[in-house]
Amino acid sequence: MRKMLYLCRRKLHVTSMRKVIGIGETVLDIIFRGNQPVSAVPGGSAFNSMISLGRSGIEAQFISETGNDRVGEHIVSFLRENNVGADNVYIYPESKSPISLAFLNEKNDAEYIFYKDHAHDRIDFSYPDVARDDIVLFSSYYAVNPVIRPQVKGFLDYARQRGAILYYDVNFRASHRHEVVKLTPNILENFEMADIVRGSDEDFEVMFRKQGADLVYRSEISFYTKKFIYTQGTQPVQLRAEGGLSREYPVVLSDETVSTIGAGDNFNAGFIYGMMKYGITRDTIDRGLSTEQWDAVIGCAQQFSANVCRSLYNYVDEDFGERMRKEITQTTE
């Protein structure tokens, strides 16, 4: 772990004027411990990642929709307060904002119940400007939802044509298991569009009833994309990539763990931060990352993920973000 932290702090070349664009759902996460609410925070998989990136000095924009209510107003304000562009968050006049109940167990893992106004489950947005080497993050049910699939896929196609790097976090919850057959074409299409795919052991068990990085990579991923990150809770992070590259990275557990709700989302944020910091461009993706580059960006991912587990919030704390902001600023000087 010390080696990874060292790599994350090294000063390497960073390409300036790049940005990250996230596309995904917004919710208000109400967090319970022992059946008692202990926190209520804005959330959503890609949303959480974007807040952490905004706090860490990365130019960030978010595409989403929310309801015309106090929750929606809070979500839009929260994005802007954390340096994330919200011009492409559409507010539906007659819709209520989604709510999520997250129940923490004795291991600080969460079980979820979602409440959403599905009658207004749609999206209406104009494309933000996308430039070569920008990074687009897409994830979760939002990335496969048939109702909004034409708009989401249209944007992803546009981003690819513009030379952006596409990062797909599968994040497929068990609550959608009954929809797997219907959604599989969209999932596979996402694999094909993505430059990097990250998924958990739970995701692939739900979708394909398969576990193990090698089996999942060989049977479900490698045909579509060669860069694959397989996470499995407290067990080592597994990397599989072109050229037969196979590496694992131990997860360092902390006695300070309060909640794991944002761990995966912030792994994504840290990985993307690392790509920005170490100048991982479209050309780098096409050539293939070196072992040192993989170690560096996954080291950053581990840092972000570890930080978020120390609080009930879904994103890195502001002090951590300020440190990351200073580090990435120093690399561009």
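Definitions and limits used
- Residues numbered from 1 in each chain as written.
- Predicted model: local features only at pLDDT ≥ 70, side-chain atom pairs only at ≥ 80, totals over all residues.
- Heavy atoms only, no water.
- Core = buried A, V, L, I, M, F, W, Y, C linked by side-chain atoms within 4.5 Å.
- Buried < 20%, exposed > 50% of the residue type's maximum accessible area, 1.4 Å probe, protein only.
- Contact = heavy atoms within 4.5 Å.
- Phe/Tyr/Trp six-rings, centres within 6.5 Å; stacked < 30°, edge-to-face > 60°.
- Helix = DSSP H or I, 4+ residues; strand = E, 2+ residues; numbered from the N terminus.
- Pairing = 2+ DSSP bridges.
- Axes fitted to C-alpha atoms, helices over the stretch in contact; angles between N-to-C directions.
- Parallel < 35°, antiparallel > 145°, perpendicular 65-115°, else oblique.
- Left-handed = near helix turned anticlockwise from the far one by under 90°.
- Nonpolar A, V, L, I, M, F, W, Y, C, P; charged D, E, K, R; others polar.

Trainee: Please provide a residue-by-residue account of the nonpolar core, values included.
Mentor: By size, the foremost hydrophobic cluster in this structure holds 58 residues, and its most contacted members are Phe271, Met275, Trp294 and Val297. For phenylalanine 271, the residues in contact, after removing those within four places along its chain, are Tyr167, Ile196, Ile229, Trp294, Val297, Ile298 and Ala301. One finds Tyr142, Ala159, Val180 and Met193 within the second-largest nonpolar core, a separate group that totals 40 residues.

Trainee: Describe the packing of aromatic side chains, and please don't skip the residues or the numbers.
Mentor: For the structure shown, the criterion picks out 21 aromatic pairs. With centroids separated by 5.5 Å and ring planes inclined at 70°, the aromatic side chains of tyrosine 127 and phenylalanine 155 adopt a geometry described as edge-to-face. On the criterion of sequence distance, the pair formed by tyrosine 127 in the loop between β7 (110–115) and β8 (135–139) and phenylalanine 155 in helix α4 (residues 149–161) is long-range, its members being 28 residues apart. Of the residues examined, tyrosine 127 reaches a relative accessible area of 38% and is grouped as partly exposed. For phenylalanine 155, a relative accessible area of 0% gives the class buried. Seen from their ring centres, phenylalanine 138 and tyrosine 168 are 4.8 Å apart, and the 10° between their planes marks the pair as stacked. Here phenylalanine 138 is found in strand β8, whereas its partner tyrosine 168 is found in strand β9 (residues 165–169), with 30 residues between them in sequence. Residue phenylalanine 138 is classed as buried on the basis of its relative accessible area of 1%. Three or more aromatic residues joined by ring pairs form one cluster here, namely Phe138, Tyr168, Phe191, Phe223 and Tyr224.

Trainee: Help me get a handle on the pairing of strand β2 (residues 27–33), residues and values and all.
Mentor: The buried fraction of β2 amounts to five of the seven residues, a majority that puts the element mostly inside the structure. Bridging between β2 and strand β3 (residues 36–43) involves seven bridges; their strand directions are antiparallel. Within the sheet, the bridge partner assigned to phenylalanine 32 lies in β3 and is proline 37. Connecting the antiparallel pair β2 and β3 is a turn made up of two residues, with glycine 34 showing a positive phi of about 60°. Across six bridges, the pairing between β2 and strand β6 (residues 99–104) is parallel.

Trainee: Lay out the sheet that holds β3 in plain terms, naming residues and giving numbers.
Mentor: With mixed pairing, the four strands of this open sheet are ordered in space as β3-β2-β6-β7. The outermost strands of the open sheet, each flanked by one partner alone, are β3 and β7. Ignoring strand direction, the axes of neighbouring strands in this sheet form an average angle of 20°.

Trainee: Let's hear about the packing of α4 against helix α5 (residues 180–193): which residues, and what values?
Mentor: For the pair α4 and α5, interaxial distance at closest approach is 11 Å and the crossing angle is 10°. Our classification of the angle between α4 and α5 gives roughly parallel. Where α4 crosses over α5, the two elements pack in a sense that is left-handed. Each of Arg149, Lys153, Leu156, Asp157 and Arg160 in α4 lies in contact with α5, whose residues at this interface are Asn186, Glu189, Asn190, Glu192 and Met193. Looking at side-chain class alone, the contact of α4 with α5 contains two nonpolar, two polar and six charged residues.

Honestly, that's just the spatial picture; any functional story needs more than this.
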